[in-house]
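The lines below spell out each chain.
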Amino acid sequence: MKKLKLDIIGLSYSQTQSGAYALVLGEVNGRRRLPIIIGGFEAQAIAIEIEKMTPSRPLTHDLFKSFADAYHINIQEVIIYNLIEGVFFAKLICNNGEKTLEIDARTSDAIALAVRFNSPIYTYEFILSTAGIIIEGNDFLFLDNIDSIEESATVSPSSSSTTSSKENLDSVSTEELQERLQKALASEAYEKAAIIRDELNKRSE
């Protein structure tokens, strides 16, 4: 199965889940984006490394990197290989100079390690076609299941904030929802846009 390379496009605070963040991966040489909801700790671990900041004491992912370096273990690549009921599955492809091993990992942890090892990140076509967003010119076209993208065990969703977001849309006109959708897309608030998209789809049924 052909692998598709991804780059980290952005990391922003989640507008629908308290304490969560939206990590956006982009298809290299393509127009598709893959948003993934991750926890605050993992978001911090990714952001610190991207910005080349040095914490006062090593974070867990820094400790893993130091441990791996001490035993001459390198992460060759990270693969987001499956998506089941909105949960992404990833694995680390590791090598110690003698043999290559695959290690299962949460996607957020895998990416936090990938940025430390300068490892490429890959996924497969069926994941991008199922959970991605295609950019066509200045418009964003949502693919299936974008609303169910969640990381496994990263953060407990704030049911009250998510529920209230959906309830607030009930009294909003379709025309205003269309305007909000365009504003959300323009500001790359993918998660918020997905909720509005779902409300519009429900009304059109």
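Criteria and cut-off values
Residues numbered from 1 in each chain as written. Predicted model: local features only at pLDDT ≥ 70, side-chain atom pairs only at ≥ 80, totals over all residues. Heavy atoms only, no water. Helix = DSSP H or I, 4+ residues; strand = E, 2+ residues; numbered from the N terminus. Buried < 20%, exposed > 50% of the residue type's maximum accessible area, 1.4 Å probe, protein only. Polar contact = N/O pair within 3.5 Å; in protein donor to acceptor, adjacent residues only side chain to side chain. Contact = heavy atoms within 4.5 Å. pLDDT = per-residue confidence, 0-100. Pairing = 2+ DSSP bridges. Phe/Tyr/Trp six-rings, centres within 6.5 Å; stacked < 30°, edge-to-face > 60°.

Under an unreviewed UniProt entry, the name given to the protein chain is Bifunctional nuclease domain-containing protein, and the source organism is Pseudopedobacter beijingensis.

Draft legend 1. Representation of the side chain of Lys91 in the model. Of note, Lys91 is situated in strand E5 (residues 87-95). Lys91 gets classed as buried once you look at its relative accessible area, which sits at 17%. Only 3.3 Å separates the side chain of Lys91 from the side chain of Glu102, close enough to count as a polar contact. Ignoring sequence-local partners within four residues, the contact set of Lys91 consists of Glu77, Val78, Ile79, Tyr81, Glu102, Ile103, Asp104 and Ala105.

Draft legend 2. Inspection of the confidence of the model for the protein chain at higher detail. Here the protein chain averages 79 in pLDDT, while 75% of its residues score no lower than 70. Mean pLDDT values for the elements of the protein chain range from 45 in strand E9 (residues 139-142) up to 97 in strand E7 (residues 121-124). Contacts of residues 138-167 to residues separated by more than four positions or lying in other chains number 77 contacts, the stretch itself having pLDDT below 50.

Draft legend 3. Seen up close, the side chain of His61. Relative to the elements of secondary structure, His61 occurs in helix H2 (residues 60-70). Residue classification places His61 among the buried residues on the basis of a relative accessible area of 4%. The contact partners of His61, leaving out residues within four places of it in the chain, are Phe41, Ala45, Asp109, Ala112, Leu113 and Arg116.

Draft legend 4. Up close: the pairing of strand E4 (residues 74-84). Judged from the 9 bridges that link them, E4 and E5 form a sheet pairing that is antiparallel. Residue pairing in the sheet places Glu77 in a bridge with Ile93 of E5. Two successive antiparallel strands, E4 and E5, enclose a turn made up of 2 residues, where Glu85 displays a positive phi of approximately 50°. As judged from the 3 bridges shared by E4 and E7, these two strands associate in the parallel manner.

Draft legend 5. Inspection of the packing of aromatic side chains at higher detail. In this structure the tally under the stated criterion is 2 aromatic pairs. Ring centres of Phe67 and Tyr71 lie 5.1 Å apart, and the angle between their planes is 40°; on these two criteria the pair is classed as tilted. Residue classification places Phe67 among the exposed positions, given a relative accessible area of 51%. The class for Tyr71 is exposed, based on a relative accessible area of 56%.

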